[in-house]
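Inside the fold
Read off the chains here:
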Amino acid sequence: MVFTPLLASSCVGTVHNQSVIENIRHLQPGLRLPQNHFYLANAKNIDTHNNTIECVSDNNSKFKIGFDKLVIATGGQPLTFNIPGVHENTYFLKNLNDSIKIRKKFLENICMAGIPNLVTSERNKLLHFVIVGGGPTGVELASEISNFINEDMSSYNPRIKSSAKITLIEGNEVLNSFDKTLSLHAIQKLIDGGVYIKKAQVCKVNKNNIELNDGSIIEYGLCIWSTGIGSTEFINNLNFNKSKNGRLLVDDLLRVYNSDNNLVNDNIYAIG
């Protein structure tokens, strides 16, 4: 179980990595009982006729689990909008492994920027941290990096602090799902912390730079992609009725529909 709001803090070490996850058996003590089970595997398909779930583990072991009642609660995955280069060149922030990768790259860039005789342009590129997406995760991460640069880096390496730059790219409005007063307050706090907010849409992400729809090109040392959440591959492959954004449609009891807009079964539910 990942406490998602703490992930941004773990990227810069404000919170320890192990503090943002909790063993599922601690949260659900019933899983410690011998009649209950937890399987570390991916669900691939649902057989609604035989009431079974087809699963596969990380070592490609395939198995089926029968059910009397089924709850589908797979969460989501980052939206890329099929923009070229996103998967290859950016970092997502959805789980603990993402946070660990970001922290590693973040510290590597800082160390490489401190190498003697490094040209200024290369140092500036290494220390340019770009975040795409002005939602809660993007804003939190920009704020955490800003605090790290202004408070921690300033004390032990002022030269690197003066070269560091944070850019937040958002195509619409920052925190547009929040009250306008809260959004404006957050924007002002980011600006006060030295975060540059760029209103534009990303067209392509290359290994060292980002192409925007206004024709500008931004070089970066680390790019984090945080543009929202879409449906998982498992949900996309289900032959159930879905909304335009790919989410499963449910009735007032959270039961799912089939592709003909009839209830699949009275024992299959979707939440989250």
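Up top is the structure these notes are about.
Here's a quick rundown of the structure. (Residues numbered from 1 in each chain as written. Predicted model: local features only at pLDDT ≥ 70, side-chain atom pairs only at ≥ 80, totals over all residues. Heavy atoms only, no water.)

1. Focus: the sheet that holds strand β11 (residues 209-212)
Across a sheet, paired strands are connected by hydrogen bonds in the backbone, their directions being either parallel or antiparallel. The strand order across the open sheet built from 3 strands is β10-β11-β12, with neighbouring strands paired in antiparallel fashion. Because the sheet does not close on itself, it has two edges, and the strands there are β10 (202-205) and β12 (217-219). Mean inter-strand twist for the sheet, computed between neighbouring axes without regard to direction, equals 20 degrees. The pairing of β10 with β11 spans 3 bridges and is classified as antiparallel. Looking across to β11, one finds that Lys204 is bridged to Glu211. (Pairing = 2+ DSSP bridges. Helix = DSSP H or I, 4+ residues; strand = E, 2+ residues; numbered from the N terminus. Axes fitted to C-alpha atoms, helices over the stretch in contact; angles between N-to-C directions.)

2. Here we look at the pairing of strand β9 (residues 195-199)
In this structure, strand β8 (residues 165-170) lies alongside β9, joined through 5 bridges in parallel fashion. Along β9, the bridge assignment pairs Leu168 with Ile197. Crossover connection from β8 via helix α8 (residues 180-192) to parallel β9: handedness right-handed. (Right-handed = clockwise from strand over helix to strand, strands pointing away.)

3. A closer look at the environment of Asn258
If you trace the backbone, Asn258 turns up in the loop between α9 (233-237) and β15 (268-270). Along the chain, Asn258 and Lys242 lie 16 residues apart, while their C-alpha atoms are 8.8 Å from each other. Setting aside residues no more than four positions away along its own chain, Asn258 makes contact with Asn239, Phe240, Asn241, Leu263 and Val264. (Contact = heavy atoms within 4.5 Å.)

4. Digging into unusual backbone geometry
Residues other than glycine seldom take positive phi values, yet Phe81 does so here, at roughly 55 degrees. You can see Phe81 is positioned in the loop between β5 (77-78) and α3 (86-89). Phi is positive for Leu254, close to 70 degrees, though the residue is something other than glycine.

5. Describing a nonpolar patch on the surface
The grouping of Met1, Phe3, Leu6 and Leu27 at the surface amounts to a nonpolar patch, some 330 Å² of accessible area in total. Residue placement: Leu27 occurs in helix α2 (residues 24-27). Among the residues examined, Leu27 registers a relative accessible area of 38% and is labelled partly exposed. (Patch = residues over 30% accessible without salt bridge, like charges linked within 9 Å, V, L, I, M, F, W, Y side chains within 5 Å. Areas by Shrake-Rupley, 256 points an atom, 1.4 Å probe, with all protein chains shown as cover. Salt bridge = Lys/Arg side-chain N within 4 Å of Asp/Glu carboxyl O. Buried < 20%, exposed > 50% of the residue type's maximum accessible area, 1.4 Å probe, protein only.)

6. Section: the pattern of salt bridges
Counted according to the given criterion, the structure contains 5 salt bridges. Among the ionic pairs, Glu173 bridges to Lys199, the shortest N-O distance being 2.8 Å. Residue Glu173 is found in the loop between β8 and α8, and its partner Lys199 is found in strand β9; the two are separated by 26 residues along the sequence. Taking the relative accessible area as the measure of exposure, Lys199 reaches 53% and is therefore exposed. Taking the shortest distance from any N to any O, the salt bridge between Lys198 and Asp214 comes out at 2.9 Å.

Nothing here speaks to function; it is all geometry.
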